[in-house]
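Structural features, examined
One-letter residues, chain by chain:
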Amino acid sequence: SKLDDRLKLMSCSSDVRKALDAKVITLGLAEMLSGLTKEKQDEVLAGFAAAGKYPTAEECKPQIMAMTKSLTVAIFDKMDCGNCPNNSARQRAMFGNIDDGYCLNSPCYDQKTDTVLGAKVERLRETYQRVEIVRPGDNYRVIKLMAEAVGQEQAAACRTCANHGAAVSCLPNSIGRVTESLCWDSVCNAEKVAAHQKAIKDAEEAAQAASQAAATDTDPAASA
């Protein structure tokens, strides 16, 4: 196990090795950083230097794990991931500080994910005029288009609107999920719902008035 730990240092970036040689960071922290890409190692190390504090390996683990990507929820074909050196499960001894089932190369993971999401968007654009990928931090206000809410006739008209479309989720708990038949103009939708409710109320009042008028015409006592 000691040899395995030392072999991890071969994956360290030049800056991390220099920091270890200068005893700026501990051996455990260097081993923990070794699981990341060299570019990410340098980025994290620079962040430690800017903060003026170098954490222990255990203190650093949550931060390192936050930079990895779970292969369990990946939406792309993972066939090539099995032999990738950035797969934490490929060589458990080499990446012993990081749990199994994680990708250590976030840029590659994100690129593959975006390719799948982009393909979903292109397919949806064959049906919908507006399709958006919803990412963390986006503040879209959308609502499901429902015929019972706006009326059958209005719903048919809404489906030809430029703001009628679909969303592809890039959110952590629902990545790749597609939601269709959405209205991207919630203000307009609210107006259509209000108009439909008013039309229903007006129709009910008209029907009630007509019913009362008919009852009056057929009631001799009322006529007298």
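Quick note: structure is the one above.
The model shown is predicted, which means the values in this text are computed figures rather than measured ones.

1. So, the overall build of the protein chain
Within the protein chain, the secondary structure is distributed over 10 helices and six strands. Within the protein chain, buried positions represent 32% of all 224 residues. Approximately 13500 Å² of the protein chain is accessible, and the part contributed by carbon and sulfur atoms is 53%.

2. Some remarks on the packing of helix H2 (residues 14-21) against helix H4 (residues 38-51)
Contact pair H2 / H4: the axes reach a minimum separation of 8 Å and the direction vectors enclose 45°. With respect to their mutual orientation, H2 and H4 come out oblique. Within the contact between the two elements, H2 uses Asp-15, Val-16 and Ala-19 and H4 uses Gln-41, Asp-42 and Leu-45. Broken down by class, the residue content of the contact of H2 with H4 amounts to three nonpolar, one polar and two charged.

3. Notes on the layout of surface pockets
Its boundaries defined by the atoms lining it, the largest pocket holds a volume of some 300 Å³. Surrounding the largest pocket, 13 residues form its lining, Lys-69, Tyr-109, Cys-170, Pro-172 and Ile-175 being those nearest its centre. Mapped onto the lining of the largest pocket, the elements with two or more residues apiece are strand S1 (69-70) and helix H6 (106-124). Top element by residues in the lining of the largest pocket is H6. It accounts for four residues. Residue classes in the lining of the largest pocket are distributed as seven nonpolar, two polar and four charged.

4. A few points about unusual backbone geometry
Look at Lys-23: it is not a glycine, yet its phi comes out positive at around 60°. Checked against the element boundaries, Lys-23 lands in the loop between H2 and helix H3 (27-33). Its relative accessible area of 75% is what places Lys-23 among the exposed residues. Despite not being glycine, Ser-181 shows a phi value in the positive range, around 55°.

5. Points about the environment of Val-24
Its place among the elements puts Val-24 in the loop between H2 and H3. With relative accessibility at 38%, the residue Val-24 sits in the partly exposed group. When the C-alpha atoms of Val-24 and Ala-49 are compared, they prove to be 9.5 Å apart, with 25 residues separating the residues in sequence. Leaving out residues up to four positions away in the same chain, Val-24 has contacts with Ala-19 and Tyr-54.

6. Here's the deal with the nonpolar core
Ranked by size, the top nonpolar core spans 17 residues in total, and within it Val-16, Ile-25, Ala-30 and Leu-33 carry the most contacts. Setting aside its immediate chain neighbours within four residues, Ala-30 contacts Leu-9, Cys-12, Val-16, Leu-20 and Ile-25. Leu-117, Leu-124, Val-131 and Val-168 belong to the second largest nonpolar core, which has eight residues in total.

What counts, and where the lines are drawn
Residues numbered from 1 in each chain as written. Predicted model: local features only at pLDDT ≥ 70, side-chain atom pairs only at ≥ 80, totals over all residues. Heavy atoms only, no water. Helix = DSSP H or I, 4+ residues; strand = E, 2+ residues; numbered from the N terminus. Buried < 20%, exposed > 50% of the residue type's maximum accessible area, 1.4 Å probe, protein only. Areas by Shrake-Rupley, 256 points an atom, 1.4 Å probe, with all protein chains shown as cover. Axes fitted to C-alpha atoms, helices over the stretch in contact; angles between N-to-C directions. Parallel < 35°, antiparallel > 145°, perpendicular 65-115°, else oblique. Contact = heavy atoms within 4.5 Å. Nonpolar A, V, L, I, M, F, W, Y, C, P; charged D, E, K, R; others polar. 1 Å grid on protein atoms, 1.4 Å probe; cavity = no way out; pocket = protein on both sides within 12 Å on 5 of 7 lines; lining within 4 Å. Points joined across faces, edges and corners; volume = space filled by probe spheres on them. Core = buried A, V, L, I, M, F, W, Y, C linked by side-chain atoms within 4.5 Å.

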